[in-house]
Amino acid sequence: MARIFGHIPGQPVGSTYARRRDLHDARVHRPTIAGISGTGKEGADSIVASGGYVDDEDYGDVIVYTGHGGRDPNTGRQIRDQELSDPGNAGLVRSHHEGLPVRVVRGQNAESPHAPINGYRYDGLYRVESYGAKVGIDGYRIWQFTLVKIHDAPQESPAESAPPGSVETGPQTEPGPASVIEVLVQRIVRNGKVIQQVKAWYDHTCQICGQQLEVAGGLYSEGAHIQALGSPHQGPDVVENVLCLCPNDHVRFDNGAIYLMDDLKVVNALTGQVTGALKVHPAHRIDVRHVAQHRQRWTTGTPRA
DNA sequence: GGGCCCGCAGGG
DNA sequence: CCCTGCGGGCCC
């Protein structure tokens, strides 16, 4: 069975499964015990986060996921260094380099507010934002992978176009749906100068909530365009149109859960209440025309094409 | 086939 | 709760 990257047809985000075997049967995550599905040559197509590794961190839209290896099978504690060459770890590295999306499944974990109460839940696609090694809680080197949720509109893998019974003979060239590859390429994060400049001004501090998100290897923030890029919004990729936000506030902002007034007060769209003021660095000029466009996009009732 | 892995059930 | 045995599936 070929490895599938991206969503599995018929398995929408939020689907729940009682046991690991059910995840396997649904092809959402094939291994029945292992947390990472993948190899160094192909990349990793899915992971399960069940809280089994003490160094894991789950922030919802950002997951710091510990690689495998080096554990005492009985106690679950690290008893030796992890190796990046182990298949699953190498797979996540490959996914990072290729920009491949990783299906994330969360398992029951009473200590995490993001985990299901029981069983397993498919929580959608993440990209491997970065990875690195550190000495874990148990005193051995671990490899950790920072996974960041992909918030684009769900991209269904195209249905198998080959009719049943149509068997390709000859060498397996693994045709692979081209559209999936295109989507992946589109999702490679642009880390251009504009976003880097904005992040530098704020040192990764969220302009809305003021928090700095610490991940392995440093701080993490996102450059958020106020007036969205591309059709139909046509916002420019300039510092006057970019905010430095934490992932959660980025999601809220991009989906209209929060918007800004012209004086840069922050408004909760559900309540209409001002919840604070945008924090702005003296050198950062924000163009209120983009602020107004974003606000009108989410507060006017005119349907959009 | 050998070894590995973020299960699972059962018993104390 | 912790520990045990018994595992399936996958990668090498």
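Above this text sits the structure in question.
Residues numbered from 1 in each chain as written. Chains lettered and ligands numbered in written order. Predicted model: local features only at pLDDT ≥ 70, side-chain atom pairs only at ≥ 80, totals over all residues. Heavy atoms only, no water.

A. Here's a closer look at the packing of aromatic side chains. With the rule as written, the count across this model stands at two aromatic pairs. For the pair tyrosine 131 and tryptophan 143, a centre-to-centre distance of 6.4 Å together with 45° between the ring planes defines the contact as tilted. With tyrosine 131 in strand S7 (residues 120-135) and tryptophan 143 in strand S8 (residues 141-149), this residue pair connects regions lying 12 residues apart in the sequence. Its relative accessible area of 29% is what places tyrosine 131 among the partly exposed residues. Among the residues examined, tryptophan 143 registers a relative accessible area of 16% and is labelled buried. Within the aromatic cluster, the residues linked to one another by ring pairs are Tyr131, Trp143 and Phe145. (Phe/Tyr/Trp six-rings, centres within 6.5 Å; stacked < 30°, edge-to-face > 60°. Helix = DSSP H or I, 4+ residues; strand = E, 2+ residues; numbered from the N terminus. Buried < 20%, exposed > 50% of the residue type's maximum accessible area, 1.4 Å probe, protein only.)

B. Geometry of helix H6 (residues 288-299). Look at H6: 16 Å from first C-alpha to last across 12 residues, which is about the 16 Å you get at 1.5 Å a residue. All buried positions along H6 are accounted for by His290, Val291, Ala292, Gln293, His294 and Arg295. For H6, the secondary structure elements touched by its buried residues are helix H5 (247-254) and strand S13 (258-260). (Expected span 1.5 Å × (residues − 1). Contact = heavy atoms within 4.5 Å.)

C. Main features of the protein's contact with DNA strand B. In the vicinity of DNA strand B there are 19 residues, among which Arg20, Ser50, Tyr53, Asp56 and Tyr120 approach most closely. Among the atoms of DNA strand B lying within 4 Å of the protein, the sugar-phosphate backbone contributes 69%. The separation between a base oxygen of DNA strand B and a polar main-chain atom of glycine 52 is 3.1 Å. With respect to DNA strand B, the side chain of aspartate 56 contributes an N or O atom lying 2.9 Å from a base nitrogen. Listed by contribution, the elements that provide at least two residues to the surface near DNA strand B are strand S3 (43-49) and strand S5 (62-66). Taken together, the residues that form the surface near DNA strand B break down as seven nonpolar, eight polar and four charged. (Near = heavy atom within 4 Å. Polar contact = N/O pair within 3.5 Å; in protein donor to acceptor, adjacent residues only side chain to side chain. Nonpolar A, V, L, I, M, F, W, Y, C, P; charged D, E, K, R; others polar.)

D. Fine view of the environment of tryptophan 143. Along the backbone, tryptophan 143 and aspartate 81 are 62 residues apart, and their C-alpha atoms lie at a distance of 9.0 Å. Among residues more than four places away in sequence, those in contact with tryptophan 143 are Tyr65, Thr66, Gly67, Gln82, Glu83, Leu84, Tyr131, Gly132 and Ala133.

E. Structural context of the protein's contact with DNA strand C. Around DNA strand C, the neighbouring residues are Arg3, Arg21, His24, Arg30, Thr32, Ile33, Thr39 and Pro87. When the atoms of DNA strand C within 4 Å of the protein are grouped by moiety, sugar and phosphate amount to 68% of the total. With respect to DNA strand C, the side chain of arginine 3 contributes an N or O atom lying 2.5 Å from a phosphate oxygen. Its residues assigned to classes, the surface near DNA strand C comprises two nonpolar, three polar and three charged.

F. Representation of the pattern of salt bridges. Applying the stated criterion across every chain, the model contains 14 salt bridges. With a closest N to O distance of 3.1 Å, arginine 3 and aspartate 45 form a salt bridge. Of the two residues, arginine 3 sits in the segment before strand S1 (16-17) while aspartate 45 sits in strand S3, which places them 42 residues apart along the sequence. Residue aspartate 58 pairs with arginine 106 through a salt bridge whose shortest N-O separation is 2.6 Å. Linking aspartate 58 in strand S4 (residues 57-58) with arginine 106 in strand S6 (residues 101-107), this pair joins segments that are 48 residues apart in sequence. By relative accessible area, which is 4% here, arginine 106 ends up buried. Salt bridges here are not isolated pairs; linked through shared partners, they connect Arg3, Glu42, Asp45 and Arg103. (Salt bridge = Lys/Arg side-chain N within 4 Å of Asp/Glu carboxyl O.)

None of this, on its own, says anything about what the molecule does.
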